[in-house]
Structures are given as C-alpha cells and as structure tokens.
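Structure assessment
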Amino acid sequence: RLSGAERAGLVLLAALAATLEPQGLAALLAVALVALLLRNGGAALRAALPAAVALLVAGAPAMRAVPLEGAVSRALEALCPTEGWAACAPPSRPAPGEAVDILAAAFAREPTALLLEATARAARQFATAGIGDTLGRPDAAPGTGDATPQARGELRRMAAPVAWLHLPVLVLATAFLLLAVLRARLRGDAPRLGLGAAILAAAGANALVTGALLGVEPRHQAGIAWLLPLAALLLRLPPRPGRPVEGYATENAPRGEVATQDLAPEPRADLAARPKPRG
C-alpha cells in the first residue's frame, strides 16, 4: 500500500497533468465517472481530487487549436468578414481564446454536422497512435553539428519495419481488454473490472478530447495507448502466489489456476485422528 506522502505526490502529479493538457483533465473525470458507476466512492474521490485541484489552481485548460475543417471551415468562411479572427488569415492559427469562440459559432450554425464530425475524428484518433511527427525535427537548425538520426529525419525510416505492428496490436489489445472487463463483470471481480474499465474510459476520453477538439495526430493518443495492451496482459495474470489479494476469491481464478487463498494445504482427517506416539 502507498504511504500518505506517496498518495499526495500522485495527486499533485495528476493535478499537474490535468493543468497542462485538456486530455489529462478529461481522463481523470472519465475515471471518476466509471468509479461512480461501479459504486466505488473512494476511487471516484481519488480521481476527482486532482481534477478539482487543477481546476481550482489554473482553471480549465485553454484550447490552443481547433480542426479547421467541415462545419468549422464553413463557419469561418461565413463569419471571417465580420469577426476578424486570427484564424481567418494565414497560417490559419487561432489566437489565444479564439478556439472556443470559433467552435461555439460553428455549433450554433451546424450542431448536428459538428457533432458527427467530432465523433468521427474521435474514433479515428483512438486508432491513430503509431509513429508520427515526433520522430523528426523539422525545426532543427542546419549546420549545428547534430548528426543524430532524429536531426537528420531518419528515425521514421528506421522504425518502418515495426511500425505496421501498432494498429493490429492496438485493435487486439482493445478487444481482449473488453473481453476481460466483461469476464470480470460476470464473475464479480471488482478489482479487475475497475482497472480495465478505468483504462478504457481514460483512453476513450483522451481520443474524444484530442481528436474531436484538437485534430487527429498520432502523438495525441500514443501517450496513453500503451496502457491498453499492458492492461490486457495484467488482467489475464493471477495474483502472485503467497500474496493475499483483497476481493480476489477462488471463483475469480482463471481456469487451471489456483487462487491465493487456496494455496495453504488443508489438514488431512486421517492424520489428525492418528494417536500421537508416547515419549
């Protein structure tokens, strides 16, 4: 179990992540919602606390970009002559605080189209977590003597032989994790159910916020996508022998495996009834 200082450190770290990026705040709120649905008030409080700290200290994270396509693009074409947004002129980047105004204007004009486009981008973002633009450094100054593959823009080519694995691994891990969550729900295995559902909710919230509001980029989902295959593996493993786990009963053990509580041998009745030898 974590000490009080360790728990406080985790709360501060999560609050810092929620302050810096909107997807961090969305992931915490999604985990808190899952905990409430599973009737685990303690877990909901632990997830909501850093989110509340982030909101109280820094307010809601500011949106720095908006996908300039579809309903948003049409709203810009119609309103730019009167609004004078910075996004109307090249390089079409919203000024601080403009992104929310642009989205609000697009939603007022075409709410259904905007929601459908946001949902489609979120779904694409969930599956877009492979090698992206972070492997290169297009802004690196020439002639600086930096001869690393990243500076030369060669990392993408070097990673190409294994890059194709990202999407199938992500799809399979998500499917196995969904099955593990369903299995835990049917068996009443609360720890595994909570862990799997929380990771799925956090990954979904991250894709929703980044894909729908910021645009689809591999780096947006890559920071959390690795949790899906890790959780799929962890939920398949039983507890370590000799370490009792609260809430892990015999009926929760996978077929062919023995739960921790069953490791101690039971006394044999014939040995107990045998008379002791006299000394």
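Residues numbered from 1 in each chain as written. Predicted model: local features only at pLDDT ≥ 70, side-chain atom pairs only at ≥ 80, totals over all residues. Heavy atoms only, no water.

**Some points on a nonpolar patch on the surface**
Under the convention used in this document: Here, patches come from residues exposed beyond 30% relative accessible area and free of salt bridges, joined within 9 Å for like charges and within 5 Å for nonpolar side chains (Val, Leu, Ile, Met, Phe, Trp, Tyr). To measure how exposed things are, a 1.4 Å probe is used in the Shrake-Rupley method; for residues, cover is taken only from the protein chains shown. Whenever Lys or Arg places a side-chain nitrogen within 4 Å of a carboxyl oxygen from Asp or Glu, that contact is recorded as a salt bridge. For helices the rule is a DSSP run of H or I covering at least 4 residues; for strands it is a run of E covering at least 2, with both sets numbered from the N terminus onward. Only protein chains enter the accessibility calculation, which uses a 1.4 Å probe. A residue is then buried if its area is under 20% of the maximum for its type, exposed if over 50%, and partly exposed in between.
A cluster of nonpolar side chains, contributed by Leu 10, Leu 13, Leu 16 and Leu 20, occupies part of the molecular surface with about 400 Å² of accessible area. Relative to the helices and strands, Leu 16 resides in helix H1 (residues 4-20). In this structure Leu 16 comes out as partly exposed when scored by relative accessible area, which is 47%.

**Some details on the nonpolar core**
Most often, soluble globular proteins have nonpolar side chains that are buried together. Heads up, the condition is: Among buried residues, those of type Ala, Val, Leu, Ile, Met, Phe, Trp, Tyr and Cys that are joined through side-chain atoms within 4.5 Å constitute a nonpolar core. By definition in these notes, contact holds between two residues if any of their heavy atoms fall within 4.5 Å.
Counting residues in each nonpolar core, the largest one holds 16 residues, and the members touching the most others are Leu 170, Leu 177, Ile 199, Leu 200 and Leu 228. Of all the secondary-structure elements, those providing two or more residues to this core are helix H9 (166-187), helix H10 (190-214) and helix H12 (227-234). Looking at this core element by element, the count peaks at six residues for H9. Once residues lying within four places of it in the same chain are set aside, the contact partners of Leu 170 are Phe 126, Ala 127, Ala 129, Ala 225 and Leu 228.

**Section: the confidence of the model for the chain**
For clarity, the threshold we go by: Per-residue confidence from the predictor is reported as pLDDT, a score between 0 and 100.
Across the chain, the average pLDDT comes to 77, with 74% of residues at 70 or higher. Mean pLDDT across the elements of the chain bottoms out in helix H13 (residues 269-273) (52) and peaks in helix H6 (residues 111-126) (91). Confidence drops under pLDDT 50 across residues 254-266; counting only partners more than four residues distant or on other chains, this segment forms 23 contacts.

**Considering H12**
Applicable threshold: Along the arc lie the directions from the helix axis toward the C-beta atoms.
Taken residue by residue, H12 has Leu 228, Ala 231 and Ala 232 as its buried positions. All buried residues of H12 fall inside an arc of 105° around its axis, so they share one side. As for H12, its buried residues are in contact with H6, H9, H10 and helix H11 (218-225).

**Let's talk about the state of the cysteines**
Put simply, the test is: Two cysteine sulfurs form a disulfide in these notes if their separation is within 2.5 Å.
Summed over all chains, the structure comprises one disulfide. Two residues share a disulfide in this structure: Cys 80 and Cys 88, whose sulfurs sit 1.8 Å from each other. Because the torsion about its S-S bond is -90°, the bridge between Cys 80 and Cys 88 counts as left-handed. With relative accessibility at 31%, the residue Cys 88 sits in the partly exposed group.

**Things to note about the pattern of salt bridges**
This structure, assessed with the given rule, holds five salt bridges. For Glu 69, the salt bridge goes to Arg 121, with nearest N and O atoms at 3.2 Å. Of the two residues, Glu 69 is situated in the loop between helix H3 (41-58) and helix H4 (71-83) and Arg 121 in helix H6; the sequence distance between them amounts to 52 residues. Among the residues examined, Arg 121 registers a relative accessible area of 3% and is labelled buried. Between Arg 74 and Glu 117 there is a salt bridge, and its shortest N-O distance comes to 3.7 Å. In this pair, Arg 74 sits in helix H4 while Glu 117 sits in helix H6, placing the two residues 43 residues apart along the sequence.

**Focus on the packing of H4 against H6**
What counts here: Between N-to-C directions, angles cover 0 to 180 degrees, with each direction set by a line fitted to C-alpha atoms, over the stretch in contact for helices. Angles below 35 degrees are treated as roughly parallel, those above 145 as roughly antiparallel, those between 65 and 115 as roughly perpendicular, and all remaining angles as oblique. Basically, the charged four are Asp, Glu, Lys and Arg, the nonpolar ten are Ala, Val, Leu, Ile, Met, Phe, Trp, Tyr, Cys and Pro, and anything else, Gly included, counts as polar.
At their nearest, the axes of H4 and H6 sit 9 Å apart, and the two run at 135° to each other. With respect to each other, H4 and H6 are oriented oblique. Within the contact between the two elements, H4 uses Ala 71, Val 72 and Arg 74 and H6 uses Ala 113, Leu 114 and Glu 117. Classifying every residue of the contact of H4 with H6 gives four nonpolar, no polar and two charged.

**Overview of the side chain of Gln 125**
The cut-off we apply is this: We define a polar contact as two N or O atoms separated by no more than 3.5 Å, with the added condition that, inside protein, one atom must be a possible hydrogen donor and the other a possible acceptor, whereas residues neighbouring each other in sequence contribute only through side-chain atom pairs.
Summarising the element assignment, Gln 125 is placed in helix H6. You can call Gln 125 buried: its relative accessible area is 0%. From its side chain, Gln 125 meets the backbone oxygen of Glu 217 in a polar contact 2.9 Å long. Once residues lying within four places of it in the same chain are set aside, the contact partners of Gln 125 are Ala 207, Thr 210, Gly 211, Gly 215, Val 216, Glu 217, His 220 and Gln 221.

**Description of the side chain of Glu 98**
Along the chain, Glu 98 falls in helix H5 (residues 98-109). Separated by 2.7 Å, the side chain of Glu 98 and the backbone nitrogen of Ala 86 make a polar contact. Non-local contacts of Glu 98, meaning those with residues more than four positions away in its chain, are made with Trp 85, Ala 86 and Ala 87.

**Digging into unusual backbone geometry**
For Arg 39, which is not glycine, the phi torsion reads 60° and is therefore positive. Structurally, Arg 39 can be placed in the loop between helix H2 (22-37) and H3. Its relative accessible area of 81% is what places Arg 39 among the exposed residues.

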